[in-house]
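Spelled out from the first residue to the last, the chains are:
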Amino acid sequence: MAEIWASIDWERKIIAFFGGVLVMTLAGPFGTYEYMSFNQRLVFWLVVFTGVGFFMHVFQTTALKSAYLGRMPRLLRLGIGAVLAGLPGAAVVIFVYGVFRPAMISAEALPVIWMQVALIGWAVGTVEFFEWRQASAPEETPTRRTVFHKRLPPALGDDIISISMQDHYAEVTTPLGSHLVLIRLSDALAELKGAAGLQVHRSHYVMTAHMERLCREGGRLRLRLTDGRELPVSARYADKVRAALKQKAAA
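Residues numbered from 1 in each chain as written. Predicted model: local features only at pLDDT ≥ 70, side-chain atom pairs only at ≥ 80, totals over all residues. Heavy atoms only, no water.

(A) Spotlight on the overall build of the chain. Counting its regular elements, the chain contains eight helices and eight strands. Burial statistics for the chain: of 251 residues in total, 41% are counted as buried. Residue pairs in contact within the chain that sit at least 24 positions apart in sequence constitute 52% of those at least 6 positions apart. Accessible surface, the chain as shown: approximately 14500 Å² in total, 63% of it carbon and sulfur. (Helix = DSSP H or I, 4+ residues; strand = E, 2+ residues; numbered from the N terminus. Buried < 20%, exposed > 50% of the residue type's maximum accessible area, 1.4 Å probe, protein only. Contact = heavy atoms within 4.5 Å. Areas by Shrake-Rupley, 256 points an atom, 1.4 Å probe, with all protein chains shown as cover.)

(B) Inspection of the sheet that holds strand S8 (residues 230-232) at higher detail. Strand order across the open sheet formed by three strands is S6-S7-S8, with antiparallel pairing between neighbours. The sheet is open, and its two borders are formed by strand S6 (211-217) and S8, each paired with just one other strand. Between one strand and the next, the sheet's axes are offset by a mean angle of 35°, whatever the strand orientation. Inspection of the sheet shows strand S7 (residues 220-225) paired to S8 by three bridges, in the antiparallel sense. Across the sheet, residue Arg 222 finds its bridge partner in S8, namely Pro 232. With respect to the sheet, helix H8 (residues 235-250) is in contact with S6 and S7, its orientation differing from that of S6 by roughly 135°. (Pairing = 2+ DSSP bridges. Axes fitted to C-alpha atoms, helices over the stretch in contact; angles between N-to-C directions.)

(C) Main features of the nonpolar core. Counting residues in each nonpolar core, the largest one holds 19 residues, and the members touching the most others are Phe 44, Val 48, Val 93 and Ile 113. Elements with a minimum of two residues in this core: helix H2 (10-27), helix H4 (38-65), helix H5 (74-100) and helix H6 (110-136). With eight residues, the top contributor of residues to this core is H5. What Val 48 contacts, discounting residues up to four positions off in sequence, is Gly 53, Val 92, Val 93 and Val 96. (Core = buried A, V, L, I, M, F, W, Y, C linked by side-chain atoms within 4.5 Å.)

(D) Structural detail: the packing of H4 against H5. One can describe the packing of H4 onto H5 by two numbers: an axis separation of 7 Å at closest approach and a directional angle of 155°. Judged by the inter-axis angle, H4 sits roughly antiparallel to H5. Once H4 is placed against H5, the crossing between them reads as right-handed. Within the contact of H4 with H5, the residues separate by chemical class into 20 nonpolar, six polar and two charged. (Parallel < 35°, antiparallel > 145°, perpendicular 65-115°, else oblique. Left-handed = near helix turned anticlockwise from the far one by under 90°. Nonpolar A, V, L, I, M, F, W, Y, C, P; charged D, E, K, R; others polar.)

(E) Expanded view of the packing of aromatic side chains. In this structure the tally under the stated criterion is eight aromatic pairs. Ring geometry for Trp 45 versus Phe 49: centroids 6.2 Å apart, planes at 85°, classification edge-to-face. Taken together, the residues span about one helical turn, with Trp 45 and Phe 49 both in helix H4 at a distance of four residues. Its relative accessible area of 26% is what places Phe 49 among the partly exposed residues. Joined through ring pairs, the aromatic side chains of Phe 17, Phe 18, Phe 30, Phe 44, Trp 45, Phe 49, Tyr 97 and Phe 100 make up one cluster. (Phe/Tyr/Trp six-rings, centres within 6.5 Å; stacked < 30°, edge-to-face > 60°.)

(F) Looking closely at H4. Look at H4: 40 Å from first C-alpha to last across 28 residues, which is about the 40 Å you get at 1.5 Å a residue. Taken as a whole, H4 has its buried residues at Arg 41, Phe 44, Trp 45, Val 48, Gly 51, Val 52, Met 56, Gln 60, Thr 61, Ala 63 and Leu 64. (Expected span 1.5 Å × (residues − 1).)

Pasting the structure below:
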């Protein structure tokens, strides 16, 4: 599964899960207090939390990893995943209501419940996203300011993650956004002399502090970065990337 979920404090997530179930069981919202016993409410909310949480996890993780959505902001991808997960999630809610209180909610309520589940899922996913960003951010990313840094707008800061060529432009990505610079990669690397980074492909350069791990996709080697993106790694640079990752892990 995506690192975005793996790096989150799972102990706290489990506590939050059962805490949420307990609160909903005791409070009995959406008519559950009036029509269900304590034990019925406990089972009801356990099933709802588990079912909806499963679909949110699967669809939001898929949206974050999808190459087709790669150009979209991550929060928008979380929203798309929440909307897609909201449909089966709403079906879970309606099904469970049907078991415990058949006359209370019918299938006609699907659009409203779908919207409610999607909004709640997007909100929870957004909180976990920012938790992941904080957890996965390097404690220190000492960036030596170089000649190339002068080409970047101040709003982007100095913490370069990667530089990727697009025709005659270099797309420079930092944790604060991206910017296109009209320059050849060879000239950019010359201006970055002294910076702690590696060229990983003829079109991509990455700062060592933002390298996470190597993986394979369709037989091709790719490098996962701290912002969740993956960049291709050419065979000629693979050994240097592996050495840099090994050195980083040992530090």
